[in-house]
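# Topology and contacts: notes
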Amino acid sequence: MGTQVEVEGVVNNIADDAAAKQKAIDDWLPITSSRKAKWWYSAFHNVTAMVGAGVLSLPYAMAELGWGPGVAILILSWVITLYTLWQMVEMHEMVPGKRFDRYHELGQHAFGEKLGLYIVVPQQLTVEVGVNIVYMVTGGKSLKKAIDTICPNCQPMRTSWFILMFGIVHLFLSHLPNFNSITGVSLAAAVMSLSYSTIAWSSSLHKGVKPDVSYKLTGSTLGVKILNFFSALGDVAFAYAGHNVVLEIQATIPSTPEKPSKKPMWRGVVVAYIVVALCYFPVALIGYYVFGNSVDDNILITLEKPAWLIASANMFVVIHVIGSYQIYAMPVFDMIETVLVKKMNFTPSFCLRFFTRTTYVLMTMVVAMAIPFFGGLLGFFGGFVFAPTTYFLPCVMWLSIYKPKKYSLSWIANWFCIILGVTLMVVAPIGALRTIIISAKNYKFFG
């Protein structure tokens, strides 16, 4: 009898030690290390994740879509992605006493341990790493535009040097430990997104409608118009990409049975989506109304003057994508560090974190410097991952887990989103392929 009690005591001690070790690792990993976030942290992070510099190309997308389809697609994308984001917020704590802190954990619950990883992780990583590389390019190019606008007579520098400057900032910021520690950066980025969007549409309105404005679809032939239409669908679809980090953001909010995290998280999401609407719709509609199909793929280029205002807007873009880079990098850091400490049994330490994060930033920076038209590549490959993770993967998981009654409102809504998302996944890369071919003609390695 005594021996049995001793064995049980040893087993309990081993279990306690394992639990303590697991808790120590979770307290070190960036997603689960701090659960003290407020609802407004969610608003900052979601705005920063969603409102990318791509908002400045929405008037150009409108020129490829036309008034009717353009307005319909803008509104439909806003409604659908808000709905799928609500689903993810709801599914975060669907199992009592358990939180799905990461996108792949929810995928594993819906599709099984292995299949869930195989479905979610490659798509999520492609989005996050791809966005980080694109933001390296965007940050470098916007910094160059600002300097060139302020000092047109200065000695011109390669874009790659500006990307290097932008990357150096992240060599420092990437060592902030978790989501809560980058809240200040995220707040600044959210304010900047609203600022440069306001400059874009208000300056357009002040300039007035061009006397020879035309709203005919861009493209010399029907085939080119169709390809442009597909490409524009991708531009609009990719503008709503915050779903890839929403569970990780919600994981930072405290939760109890009486006060679940979904309530403050949803409040933050609603505020964020109001800001998204204030950024996207005025820029897209006013920019297209003023310039028609002569608008550039970046409306700030079309505006040109006053120089100080355009330079300021480009600097706002730089500050914004600094925050956006960190929002998308944090889940990647969490994945890398989880594998190192849980699978490969490395000891959690500052040196481990310094090495892994520095290596990741340097990798994204070098790729951005080498391939400055990576945005086209993201449009091509991202069509296979942005549409699923944002438009229909949450719906598939909802149908798999909750199993709503056939032909009910929930069933119909989810299948509608799935069909639309699959269509986007197919056609968006087709249009992006043409962008890659055109960009590659003028390609200059480390240009």
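An unreviewed UniProt entry annotates the protein as Amino acid transporter transmembrane domain-containing protein of Cannabis sativa. Its UniProt record gives the protein a comment under Subcellular location (unreviewed entry), which states: "Cell membrane".

## Description of the packing of aromatic side chains
If you walk through the whole model with that rule in mind, you get 12 aromatic pairs. When the ring of W39 is compared with that of W40, the centres are 5.8 Å apart and the planes differ by 85°; the resulting orientation is edge-to-face. Centroid distance F333 to Y360: 5.6 Å. Interplanar angle 85°. Geometry classified as edge-to-face. With F333 in helix α13 (residues 307-343) and Y360 in helix α14 (residues 350-370), the pair connects residues that are 27 residues apart, well separated along the chain. Taken as a pair, F333 and Y360 share a single burial class, namely buried. An aromatic cluster is built from Y83, W86, W398 and Y402, whose rings are joined through pairwise contacts. Lying across the ring of W28, R353 places its NZ or CZ 4.2 Å from the centre.

## Concerning the nonpolar core
Counting residues in each nonpolar core, the largest one holds 113 residues, and the members touching the most others are L56, M136, V236, Y240, Y280 and Y328. By residue number, the principal contributor to this core is helix α11 (residues 262-291), which donates 16 residues. Residue contacts for V236: discarding those within four places in its chain leaves L58, A61, L65, I73, L74, S77 and Y391. Core analysis: the second largest hydrophobic core is formed by 6 residues, I25, W28, V341 and L352 among them.

## Concerning the packing of helix α3 (residues 58-65) against helix α9 (residues 222-238)
In contact at an axis separation of 8 Å, α3 and α9 are set at 145° when each is read in the N-to-C sense. Two packed elements cross with a definite hand, and for α3 against α9 that hand is left-handed. For the pair α3 and α9, contact is made by L58, A61, E64 and L65 and by N228, F229, S231, A232, L233, D235 and V236, respectively. Within the contact of α3 with α9, the residues separate by chemical class into 7 nonpolar, 2 polar and 2 charged.

About the cut-offs
- Residues numbered from 1 in each chain as written.
- Predicted model: local features only at pLDDT ≥ 70, side-chain atom pairs only at ≥ 80, totals over all residues.
- Heavy atoms only, no water.
- UniProt positions renumbered as here; feature names shortened; annotations may be inferred.
- Phe/Tyr/Trp six-rings, centres within 6.5 Å; stacked < 30°, edge-to-face > 60°.
- Helix = DSSP H or I, 4+ residues; strand = E, 2+ residues; numbered from the N terminus.
- Buried < 20%, exposed > 50% of the residue type's maximum accessible area, 1.4 Å probe, protein only.
- Lys NZ or Arg CZ within 6 Å of the ring centre and 35° of its normal.
- Core = buried A, V, L, I, M, F, W, Y, C linked by side-chain atoms within 4.5 Å.
- Contact = heavy atoms within 4.5 Å.
- Axes fitted to C-alpha atoms, helices over the stretch in contact; angles between N-to-C directions.
- Left-handed = near helix turned anticlockwise from the far one by under 90°.
- Nonpolar A, V, L, I, M, F, W, Y, C, P; charged D, E, K, R; others polar.

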